[in-house]
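Below are the chains, spelled out letter by letter.
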Amino acid sequence: MTSTQSADQTGSGSPKKQPILNAFEIFAPGHLTPGTWTHDKSDQFDTIEHWTDLAKLLEKGKHHGIFIADSYGTYDTYKGSNGPSLAPATQFPKGDPLLLVSAMAAVTENLAFGITISTAYEPPFALARRYSTLDHITKGRVAWNVVTSGLPSAARNLGLDKPIEHDKRYEIAEEYLEFITHPSPQRTPTLFQTGSSGAGTTFGARHAEAVFISQHTPEEAKAKVLGGITPVLGRTEKEAKDKFEIWKSRASREGALALFGGWTELNLVPGSGMRSTIDNFKRIYPGWTKNTVAEFLLIGGMSPVVVGYPTIQDSEVADELERWVNIGEVDGFNLAHYARHDSFIDVVELLVPELQNRGLHWLDYPFVPQVERQKKVGITAREGLYGIGQKKLRDDHPGSKYKWK
């Protein structure tokens, strides 16, 4: 995957890689900072205005896209119950994110929409048809984050006693990538992938055009991927630090541990078999215990949190993003929120101008040649990754051999 290059606007003359910026969201009251939904605008998460306003804000900030997580289940591993996740509305209840795309696309021109959908529980043709339809009506601005659904609660919700066996799920996912429908602007939605298991990594290496990871430091991120980061921004250092402490105090520790249990399938109670994972955390951060795991997860989940204020002379947040680009060689970021909508207002108003000043973010979306007598089109989701003109899968992608004739 390549990234956009720009002339260095700081005077050195060397071109800089401009990282992809996506907003990281979920169609639920809370995402990666559980329990805070009563303190922000999350009670509006199920209104069309919430999502169209967000889409317009992100396009104002020249974001590449919005990446929406999803699953079919609840987190019920921690304490053997979904109670710890339901009480603080931790990623529950969830709506169908694919149904948001048409509304957001109608009020934007260039913003891409990366939607998480599982391959485990419906025939390939049904999903292929929906994605093809959306690719047409968005003029090529949809992407698919391919997941395979390992949550036991998801399997039960869909009539199974237990999840489909792990490697079998990826065999099913392989079948999905061979389906062809009515040819749309991209032919195949831009393909994202988040799995880190052996089978998931193999699948991602073969099919994914962008891979989403969650590492704690840029030194760990050596692949060309999108990293997850939660920026906490203020107009002064004190304002940023105060926001962090206030929102951290509002977050639910039980909700955070419920997320961790769902992600790792570990109970995090005595005798639950959590030792190996906690030992791994201690290796990275000496002194970690169950309590410090919860403390770390309160804001932004597994993604690192960066607290600071952007100014031309001194910007901790922009510095950290640039460090990830230079050291970790990441191609972009999924930016998570701690306060619904307000987090992204801060990104657009405070962080984006500083990134633009450094030559790390485009000043406007790239120009797209227009076809005479046809309605104006913006960039496609794939062009946001690979550059103008790369609407379809690259020739070296295994899916490029499937042609509509």
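Quick note: structure is the one above.
Residues numbered from 1 in each chain as written. Predicted model: local features only at pLDDT ≥ 70, side-chain atom pairs only at ≥ 80, totals over all residues. Heavy atoms only, no water.

Considering the pairing of strand β5 (residues 112-118)
The buried count for β5 comes to seven of seven residues, which makes it a mostly enclosed element. Where β5 lies against strand β6 (residues 142-147), six bridges are found, and the strand directions are parallel. By the bridge assignment, Ile115 is partnered in β6 with Trp144. Handedness of the β-α-β unit built from β5, helix α4 (residues 124-137) and β6 comes out right-handed. (Buried < 20%, exposed > 50% of the residue type's maximum accessible area, 1.4 Å probe, protein only. Helix = DSSP H or I, 4+ residues; strand = E, 2+ residues; numbered from the N terminus. Pairing = 2+ DSSP bridges. Right-handed = clockwise from strand over helix to strand, strands pointing away.)

Some thoughts on unusual backbone geometry
Cis geometry marks the peptide bond from Phe92 to Pro93; its omega dihedral reads -5°. Inspection of the secondary structure puts Pro93 in the loop between α2 (83-86) and α3 (101-106). Even without a glycine there, the phi angle at Ser149 is positive, about 60°. As for its placement among the helices and strands, Ser149 is situated in the loop between β6 and α5 (152-157). When its relative accessible area of 13% is taken as the criterion, Ser149 is described as buried.

Some thoughts on the side chain of His50
The topology assignment puts His50 in helix α1 (residues 48-60). Leaving out residues up to four positions away in the same chain, His50 has contacts with Glu25, Lys41, Gln44, Phe45 and Arg340. (Contact = heavy atoms within 4.5 Å.)

Details of the environment of Asp242
Along the chain, Asp242 falls in helix α8 (residues 237-250). Overall, the relative accessible area of 31% leaves Asp242 in the partly exposed class. Each C-alpha atom, one on Asp242 and one on Val232, is 9.8 Å from the other, the two residues being ten residues apart in sequence.

Side note on the packing of aromatic side chains
For any pair of aromatic rings, the description rests on two quantities: the centre-to-centre distance and the angle between the ring planes. Scanning all chains against the criterion turns up eleven aromatic pairs. When the ring centre of Trp247 is taken as reference, the NZ or CZ atom of Arg250 above it lies at 4.6 Å. (Phe/Tyr/Trp six-rings, centres within 6.5 Å; stacked < 30°, edge-to-face > 60°. Lys NZ or Arg CZ within 6 Å of the ring centre and 35° of its normal.)

Structural notes on helix α9 (residues 253-264)
For α9, spanning twelve residues, the distance from its first C-alpha to its last is 16 Å, which sits close to the expected 16 Å at 1.5 Å a residue. Considered for burial, the residues of α9 that qualify are Gly255, Ala256, Leu257, Ala258, Leu259, Phe260, Gly261 and Gly262. Measuring from the backbone nitrogen of Glu254 back to the side-chain oxygen at the start of α9 gives 3.5 Å, which picks out Ser252 as the cap. Positive backbone phi, approximately 60°, marks Glu265, located one or two places after α9. (Expected span 1.5 Å × (residues − 1). Polar contact = N/O pair within 3.5 Å; in protein donor to acceptor, adjacent residues only side chain to side chain.)

Description of helix α6 (residues 166-176)
Inspection of α6 places Arg169, Tyr170, Ala173 and Tyr176 among the buried residues, and these make up the whole buried set. Buried residues in α6, looked at end-on, bunch into an arc of 95°, giving them a common side. Here α6 starts with a cap whose side-chain oxygen sits 3.2 Å from the backbone nitrogen of Asp167, and that cap is Glu165. (Arc of directions from axis to C-beta.)

Things to note about the pattern of salt bridges
In the structure shown here, the tally under the stated rule is 23 salt bridges. Taking the shortest distance from any N to any O, the salt bridge between Arg253 and Glu295 comes out at 2.9 Å. Highlighted residues: Arg253 in helix α9 and Glu295 in helix α11 (residues 290-297), separated in sequence by 42 residues. Accessibility expressed as a relative area gives 35% for Arg253, which makes it partly exposed. The salt bridge partner of Glu322 is Arg358, with a shortest N-O separation of 3.0 Å. Residue Glu322 is located in helix α12 (residues 316-328), and its partner Arg358 is located in the loop between α13 (342-357) and α14 (381-386); the two are separated by 36 residues in the primary sequence. (Salt bridge = Lys/Arg side-chain N within 4 Å of Asp/Glu carboxyl O.)

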